[in-house]
Amino acid sequence: MNLQFPAGWEQAKEIKYKQGFDKPAPRDFVGYGPLTAPESIGIYNFILAHNFSLMITYHTQGEVIYWQYQNYAPPISLTIANQFAKTSGYQVANTPYESSFAGLKDWYIYYYRRSGFTIEAGHGINPLPISQFDEIYNKNLGILVNGMMQ
């Protein structure tokens, strides 16, 4: 569902199909076109109907903060990402190329030219154990509060 957005969807399809994710699966399937999954369409329409000042999306691998989409991120995005890192202890990183297209954050940055972030919370194999919840919550509370103040 996350790789369904119209920001480099063709590149995402090429990358993921080469990796073997060419049919419906629990992860990394881009679909048959952008915005074809009902859940993605719902999220897309919800965002279009509101005037959000920034986007924070959550994934669960690596305690890292991704802050840009290609060259579209506003200059303030890196500053905000560094603030998020300071409150959480997570590292700020560039999005790996193979994960750089068609995500919700990517589309948001591309379409609105506003700051968007993917927070990779937790460690281990999905689904993460509930025993990590308190630690993840405590590390991310500052990100959420800081994000609301932007």
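Data block above holds the structure.
The model shown is predicted, which means the values in this text are computed figures rather than measured ones.

On to the nonpolar core. Counting 34 residues, the largest nonpolar core has Ile 47, Ile 65, Phe 84, Trp 107, Phe 117 and Ile 119 as its most contacted members. Per-element tally for this core: the top contributor is helix H4 (residues 104-112), with five residues. Setting aside its immediate chain neighbours within four residues, Trp 107 contacts Phe 5, Pro 6, Ala 7, Tyr 44, Ile 47, Leu 48 and Tyr 112.

This part is about the sheet that holds strand E1 (residues 55-59). Read from one edge of the open sheet, four strands run E1-E4-E2-E3, paired in mixed fashion. Edge positions in the sheet fall to E1 and strand E3 (91-93), since each has one partner strand and no second. Averaged over all pairs of adjacent strands, the angle between their axes in this sheet comes to 25°, without regard to strand direction. As defined by bridge partners, strand E2 (residues 64-66) adjoins E3 across three bridges and the pair is classed as parallel. Residue pairing for E3: Ile 65 is matched across the bridge by Val 92. In the packing of helix H3 (residues 76-88) onto the sheet, the strands contacted are E1, E2, E3 and strand E4 (116-120), and the crossing angle to E4 comes to about 25°.

With that out of the way, let us pick up the pattern of salt bridges. In this structure the tally under the stated criterion is seven salt bridges. Close ionic contact of Glu 14 with Lys 18 constitutes a salt bridge, the shortest N to O distance being 3.4 Å. With Glu 14 and Lys 18 both in helix H1 (residues 9-18) and four residues apart, the pair spans about one turn of that helix. The class for Glu 14 is partly exposed, based on a relative accessible area of 47%. Judged by relative accessible area, which is 69%, Lys 18 ranks as exposed. Through salt bridges with shared partners, a single ionic network connects Lys 16, Arg 27 and Asp 28.

What counts as what
Residues numbered from 1 in each chain as written. Predicted model: local features only at pLDDT ≥ 70, side-chain atom pairs only at ≥ 80, totals over all residues. Heavy atoms only, no water. Core = buried A, V, L, I, M, F, W, Y, C linked by side-chain atoms within 4.5 Å. Buried < 20%, exposed > 50% of the residue type's maximum accessible area, 1.4 Å probe, protein only. Helix = DSSP H or I, 4+ residues; strand = E, 2+ residues; numbered from the N terminus. Contact = heavy atoms within 4.5 Å. Pairing = 2+ DSSP bridges. Axes fitted to C-alpha atoms, helices over the stretch in contact; angles between N-to-C directions. Salt bridge = Lys/Arg side-chain N within 4 Å of Asp/Glu carboxyl O.

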